[in-house]
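Architecture and fold: a report
Chain by chain, the residues:
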Amino acid sequence: MQKLLTQLAYYFWGAWRYRWLMLALVWVISIVGWIWVSTIPEQYLASARIYVDTNSILRPLLKGLTVQPDLRQRTALVSRTLLSRPNMEKLIRMTDLDLSVNSDLDKEKLFRDLNKTITLSGERNNPSLYTATFKHEDRDVAKLMVQSLITVFTESALGNKRLDSNDAQTFIERQIADYEVRLE
């Protein structure tokens, strides 16, 4: 115990002896850190939680499969389906990002950049609940992109619901016609 106290006193005395050098070093490190932080460009992250009925969206893709995919596979399938090229074009038009595009090369670069910055992640407890996030240096663009993403999700979900209800109505009408023939 005495040896430990002697060693601690030695370290304390050494720190006290060089306190001004350490204070100067801390100031230099903090000033360099402040300058570095001030040069980092601002990034805004907008996110939204979305309930997506994965059964209706993935039903055509998973037809014939006996094993249901896990969460990562479902998230990848939903993101591939909902962030497809036509939907990405809708997003670009809705957020007016296409105003700065002058050529097809710029358009392709914009698609690649959007695919990198839009992330879609699923919840482990609820496979139909997803979080969509978008990172951009302009706060309004980030917010508008997430709102547009929600709109595209809603439109695709409504379109699928309409198709499902039309299919159900056609099936019921066929059944009624079949029963009418049988009754006659």
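Residues numbered from 1 in each chain as written. Predicted model: local features only at pLDDT ≥ 70, side-chain atom pairs only at ≥ 80, totals over all residues. Heavy atoms only, no water.

All right, on to the overall build of the protein then. Tallying secondary structure elements over the protein gives seven helices and three strands in all. Along the chain direction, N to C, the helices and strands of the protein fall in the order α-α-β-α-α-α-α-β-β-α. Across the 184 residues of the protein, 24% fall into the buried class. In the structure as shown, the protein presents an accessible area of about 14,000 Å², 60% of it carried by carbon and sulfur atoms. (Helix = DSSP H or I, 4+ residues; strand = E, 2+ residues; numbered from the N terminus. Buried < 20%, exposed > 50% of the residue type's maximum accessible area, 1.4 Å probe, protein only. Areas by Shrake-Rupley, 256 points an atom, 1.4 Å probe, with all protein chains shown as cover.)

Note that soluble globular proteins tend to have their nonpolar side chains buried in a common cluster. Within the largest apolar cluster, 24 residues are counted, with the highest numbers of intra-cluster contacts made by Leu91, Leu114, Ile118 and Phe134. Those elements that provide at least two residues to this core are strand S1 (44-51), helix H5 (85-95), helix H6 (104-117), strand S2 (118-122), strand S3 (129-136) and helix H7 (139-183). It is H7 that provides the largest number of residues to this core, a total of seven residues. (Core = buried A, V, L, I, M, F, W, Y, C linked by side-chain atoms within 4.5 Å.)

Whether parallel or antiparallel, the strands of a sheet pair through hydrogen bonds between backbone atoms. On the basis of which strands lie adjacent, the open sheet formed by three strands has the order S1-S3-S2 and antiparallel pairing. In this open sheet, the two strands that pair with only one neighbour each are S1 and S2. If you compare each strand with its neighbour and ignore which way they point, the axes differ by 20 degrees on average. The strands that H6 touches are S2 and S3; relative to S2, the one it contacts most, it runs at about 35 degrees. (Pairing = 2+ DSSP bridges. Axes fitted to C-alpha atoms, helices over the stretch in contact; angles between N-to-C directions. Contact = heavy atoms within 4.5 Å.)

What follows concerns the pairing of S3. In terms of residue burial, S3 counts as a mostly covered element, since seven of its eight residues are buried. Judged from the eight bridges that link them, S1 and S3 form a sheet pairing that is antiparallel. Looking across to S3, one finds that leucine 45 is bridged to lysine 135. The pairing of S2 with S3 spans five bridges and is antiparallel. From the neighbouring strand, glycine 122 faces S3, where its bridge partner is tyrosine 130.

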